[in-house]
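Structural overview
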Amino acid sequence: MADKKPDMKSEHIVWHETLVNRHDRHVLNKHRSGIIWFTGLPSSGKSTIAHHLEKELFDRGIRSYVLDGDNIRHGISATLGFSREDRKENLRRIAELSRLLIDAGLVVLAAFVSPYREDREFVRSRVGEDNFIEVYVKCSPETCEKRDPKGHYARARAGIVKNYTGVSAPYEEPEAPTLTLDTEKLDVVTSVGNILELLEKQKFILLV
Ligand code: ADP
């Protein structure tokens, strides 16, 4: 369940204006910030691709940071489970964290199953359409289950993990992702190459 509500309502809190803004940080970094949102079944390859992309961006002098589902659930969302309500709250926290990182000038690489369209659209609207690229990491449930590098599918099949996407909870495919990567056909290097090509074409992290 979500944490208890704060005592002070946000309507009584005044936003503190900064002396350095996002655009100033873009100029300092010499590139724009934004978020690349990887969605797909567990074990489809989201984290693997995000981390390889981070390395490629790093080597090009682009400041990026991977937000990974399992890692977030160790900290910021450690109090949350996998009910519909908790999944929604998990993504709300991630959306707010992403907004801060984007404001800080980073290219956020977010690898989350994010099985519900409604929740992904919430993130998109919260960070802003122009800052958001959706990558659908596509892979059949059978292949994902065979890969299962962390043994999650096995635990879900054994009934140890409840509400597991692909086993006992649904996954809603994106209807119009910016890019689809079929990881049964593309190797990691090709997937990363396709994203870099897209970023260049869309001038997403255009050097400033
Ligand atoms: P997710 O983040 O989607 O849960 P992971 O990246 O943690 O998935 O795990 C995907 C697993 O599949 C890794 O062990 C990875 O090495 C393997 N894998 C096999 N082929 C591919 C591919 N073409 N692209 C990405 N990962 C792949």
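Procedures and definitions
- Residues numbered from 1 in each chain as written.
- Predicted model: local features only at pLDDT ≥ 70, side-chain atom pairs only at ≥ 80, totals over all residues.
- Heavy atoms only, no water.
- Helix = DSSP H or I, 4+ residues; strand = E, 2+ residues; numbered from the N terminus.
- Rg over C-alpha atoms; globule rule 2.2 N^0.38 Å.
- Buried < 20%, exposed > 50% of the residue type's maximum accessible area, 1.4 Å probe, protein only.
- Contact = heavy atoms within 4.5 Å.
- Lys, Arg positive; Asp, Glu negative; His and termini not counted.
- Charge placed at Lys NZ, Arg CZ, Asp CG, Glu CD.
- 1 Å grid on protein atoms, 1.4 Å probe; cavity = no way out; pocket = protein on both sides within 12 Å on 5 of 7 lines; lining within 4 Å.
- Points joined across faces, edges and corners; volume = space filled by probe spheres on them.
- Nonpolar A, V, L, I, M, F, W, Y, C, P; charged D, E, K, R; others polar.
- Near = heavy atom within 4 Å.
- Polar contact = N/O pair within 3.5 Å; in protein donor to acceptor, adjacent residues only side chain to side chain.
- Areas by Shrake-Rupley, 256 points an atom, 1.4 Å probe, with all protein chains shown as cover.
- Sits in = over half its atoms within 2 Å of the grid points.
- Phe/Tyr/Trp six-rings, centres within 6.5 Å; stacked < 30°, edge-to-face > 60°.

Attention now goes to the overall build of the protein. The helix and strand inventory of the protein stands at 8 helices and 5 strands. At 18 Å, the protein has a C-alpha radius of gyration in line with the 17 Å of a compact globule built from 208 residues. Split into buried and exposed, the 208 residues of the protein put 44% on the buried side. Taking the contacts inside the protein whose residues are at least 6 apart along the sequence as the reference set, 78% of them involve residues at least 24 apart. Looking at charge distribution, the protein has the averaged site of its 32 positive side-chain charges lying 1 Å from that of its 32 negative ones.

Turning our eyes to something else, we now look at the layout of surface pockets. Considered as a void within the structure, the largest pocket measures approximately 720 Å³ in volume. If you trace the largest pocket, you find 32 residues lining it, with Pro42, Asp70, Val113, His152 and Tyr164 closest to the centre. For the lining of the largest pocket, the secondary-structure elements that each account for two or more residues are helix H2 (46-59), helix H3 (69-72), helix H4 (84-103) and helix H7 (152-157). Among the residues forming the lining of the largest pocket, the class breakdown is 11 nonpolar, 11 polar and 10 charged.

Not every one of the 14 residues close to the ligand is listed here, only the nearest: Ser43, Lys46, Ser47, Thr48 and Leu186. Here an oxygen atom of the ligand sits 2.4 Å away from a polar atom, N or O, in the side chain of Thr48. The contact in question runs from a nitrogen atom of the ligand to an N or O atom on the side chain of Arg147, over 3.4 Å. Summarising the interface, the protein chains cover 73% of the accessible area of the ligand, which totals 570 Å² for the free molecule. When atom positions are compared with the pocket grids, the ligand is found to occupy the largest pocket. Here the residues of the shell around the ligand are counted per class, giving 5 nonpolar, 6 polar and 3 charged.

Turning our eyes to something else, we now look at the packing of aromatic side chains. Aromatic rings in a pair are described by how distant their centres are and how their planes are angled relative to each other. This structure, assessed with the given rule, holds 4 aromatic pairs. With a centroid separation of 6.1 Å and an interplanar angle of 20 degrees, the aromatic rings of Tyr136 and Tyr171 are classed as stacked. Separated by 35 residues along the polypeptide, Tyr136 in strand E4 (residues 132-138) and Tyr171 in the loop between H7 and strand E5 (179-182) bring together distant segments of the chain. In this structure, Tyr136 and Tyr171 share a single accessibility class: buried. When the centroid spacing of 5.3 Å and the interplanar angle of 80 degrees are considered together, the rings of Tyr153 and Tyr164 count as edge-to-face. Taken together, the residues Tyr153 in helix H7 and Tyr164 in the loop between H7 and E5 connect sequence positions 11 residues apart.

Purely geometric stuff here, so don't read any function into it on its own.
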